[in-house]
Amino acid sequence: MSDQERQKAADPHVSSGRAADSIVARIQQQILSGELEDKAALPSERDLMERFAASRTVVREAVATLASRGLIDAKPRFRPIIRKPGYDTALNSIGNIVELLLKETGGVAALFESRVFVERGLVRDAATSAGREDIARLKEALAANRDAIGDSQRFFSTDVAFHGVLYEIPRNPIFPTVHSAYASWLSPHWSRMLRSPERNQVNYLSHEAIYTAILERDPDAAEAALVTHLRTAWEHVRETFGLEH
């Protein structure tokens, strides 16, 4: 008996895992190449078993791995649907890990600080390079935010949308994906906070200050307004949940 056969006999899970990894690699390549089309159904379980000469267990392991990587959408009783990977796929694939890290001491603070760092650069860029259409979209988002001051749930969504415009201005597809990730990871903390029209008004005025500085092409003022806004927001979060500085 060869070493490989002995290993298989000693631990069949090792062989099963390696076989599943091989299937994952081949299907992943087919998705990336377009051989398996985006939004199409993955071949049936039986078809995959025949195609790869694999057991049902191995195929199911491979499908579960593909789903965890964001390459397919798998739902009970439905054929998995192929998702050609994009920037959102990469961030979604680490979403569960980030959520676990946020539960560690300092996790939320570290993530929030990274957001402050990113948005400081974004507002400076907007103040120097935002075009007429960018300014119009930012103004529209600000108006929606103002109109929602009396409705805290709607205000929260328009608050996220206002910041979202800042991530769109550089015309880099990575930034809007990063914004979506921040919103997803931080929203559970924000949504649990007590809100009021008075606090909404304060946040709106901060957004207005950011917009005005961008409109006046003043990157220093835009950055200062942004930092003041986010630092104030962080203090509210920290005090609400007893988090560290």
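Predicted, not measured: the structure shown is a model, and the values here were computed from it.

Another point: the overall build of the protein chain. Per the secondary structure count, the protein chain includes twelve helices and two strands. Its helices and strands taken in sequence order, the protein chain reads α-α-α-α-β-β-α-α-α-α-α-α-α-α from the N to the C terminus. Counting over 245 residues, the protein chain shows a buried share of 39%. Partitioning the intrachain contacts of the protein chain with sequence separation of at least 6 by distance along the chain shows that 68% fall at a separation of at least 24. Surface exposure of the protein chain reaches about 14,100 Å², of which carbon and sulfur atoms provide 53%.

This paragraph deals with the side chain of Asn200. Examined against the element boundaries, Asn200 turns out to sit in helix H11 (residues 197-215). A polar atom in the side chain of Asn200 sits 2.9 Å from the backbone oxygen of Ile149.

Before going further, it helps to examine the packing of helix H8 (residues 132-147) against helix H9 (residues 152-168). Packing of H8 against H9 leaves a shortest axis separation of 8 Å and a crossing angle of 165 degrees. Relative to H9, H8 is oriented roughly antiparallel. Seen from above, H8 lies across H9 with left-handed handedness. Contacts between H8 and H9 involve Asp134, Arg137, Leu138, Ala141, Leu142, Ala144, Asn145 and Asp147 on the former and, on the latter, Arg154, Phe155, Thr158, Asp159, Ala161, Phe162, Val165, Leu166 and Glu168. Here the contact of H8 with H9 is composed, by residue class, of nine nonpolar, two polar and six charged.

What follows is about the packing of helix H3 (residues 45-52) against helix H4 (residues 56-68). Taken N-terminus to C-terminus, the directions of H3 and H4 make an angle of 110 degrees; their axes are 9 Å apart at the nearest point. Classified by the angle between their axes, H3 and H4 sit roughly perpendicular to one another. Facing Glu45, Arg46, Leu48 and Met49 of H3, the residues of H4 in contact are Arg56, Val59, Arg60 and Val63. Of the residues in the contact of H3 with H4, the class split is four nonpolar, no polar and four charged.

Residues Leu48, Met49 and Phe52 constitute the buried set of H3. Down the axis, H3 shows its buried residues gathered within 105 degrees of arc, on one side only. Among the exposed residues of H3, those pointing more than 90 degrees away from its buried face are Arg46 and Glu50. Positive phi appears at Ala53, one or two residues downstream of H3, with a value of about 50 degrees.

What follows is about the packing of aromatic side chains. Using the criterion set out here, one finds one aromatic pair in the structure. When the centroid spacing of 5.3 Å and the interplanar angle of 25 degrees are considered together, the rings of Phe112 and Trp234 count as stacked. Pair noted here: Phe112 is in helix H7 (residues 107-129) and Trp234 is in helix H12 (residues 219-241), with a separation of 122 residues, a long-range link. Overall, the relative accessible area of 1% leaves Phe112 in the buried class.

As a further point, take the pattern of salt bridges. Following the criterion strictly, the structure yields 15 salt bridges and no others. The shortest N-O distance in the salt bridge between Glu223 and Arg120 comes to 2.7 Å. Here Glu223 is found in helix H12, whereas its partner Arg120 is found in helix H7, with 103 residues between them in sequence. The class for Arg120 is partly exposed, based on a relative accessible area of 32%. Each of Arg120, Arg124, Asp220 and Glu223 takes part in salt bridges that share partners, so that together they form one network.

A few words now on unusual backbone geometry. Trans peptide bonds make up most of the peptide bonds, and negative phi angles are found at most residues other than glycine. Look at Ala53: it is not a glycine, yet its phi comes out positive at around 50 degrees. Positionally, Ala53 belongs in the loop between H3 and H4. In this structure Ala53 comes out as exposed when scored by relative accessible area, which is 73%. In this structure, Arg77 takes a positive phi of about 70 degrees despite not being glycine. For Arg77, a relative accessible area of 81% translates into the label exposed.

Our focus in this paragraph is the confidence of the model for the protein chain. Scored by pLDDT, the protein chain comes out at a mean of 84, with 80% of its residues at no less than 70. Confidence scores differ between elements of the protein chain, with helix H1 (residues 3-10) showing the lowest mean pLDDT of 42 and H8 the highest of 97. Confidence drops under a pLDDT of 50 for residues 1-14, and excluding neighbours within four residues, the segment shows four contacts in the predicted structure.

Rules and cut-offs
- Residues numbered from 1 in each chain as written.
- Predicted model: local features only at pLDDT ≥ 70, side-chain atom pairs only at ≥ 80, totals over all residues.
- Heavy atoms only, no water.
- Helix = DSSP H or I, 4+ residues; strand = E, 2+ residues; numbered from the N terminus.
- Buried < 20%, exposed > 50% of the residue type's maximum accessible area, 1.4 Å probe, protein only.
- Contact = heavy atoms within 4.5 Å.
- Areas by Shrake-Rupley, 256 points an atom, 1.4 Å probe, with all protein chains shown as cover.
- Polar contact = N/O pair within 3.5 Å; in protein donor to acceptor, adjacent residues only side chain to side chain.
- Axes fitted to C-alpha atoms, helices over the stretch in contact; angles between N-to-C directions.
- Parallel < 35°, antiparallel > 145°, perpendicular 65-115°, else oblique.
- Left-handed = near helix turned anticlockwise from the far one by under 90°.
- Nonpolar A, V, L, I, M, F, W, Y, C, P; charged D, E, K, R; others polar.
- Arc of directions from axis to C-beta.
- Phe/Tyr/Trp six-rings, centres within 6.5 Å; stacked < 30°, edge-to-face > 60°.
- Salt bridge = Lys/Arg side-chain N within 4 Å of Asp/Glu carboxyl O.
- pLDDT = per-residue confidence, 0-100.

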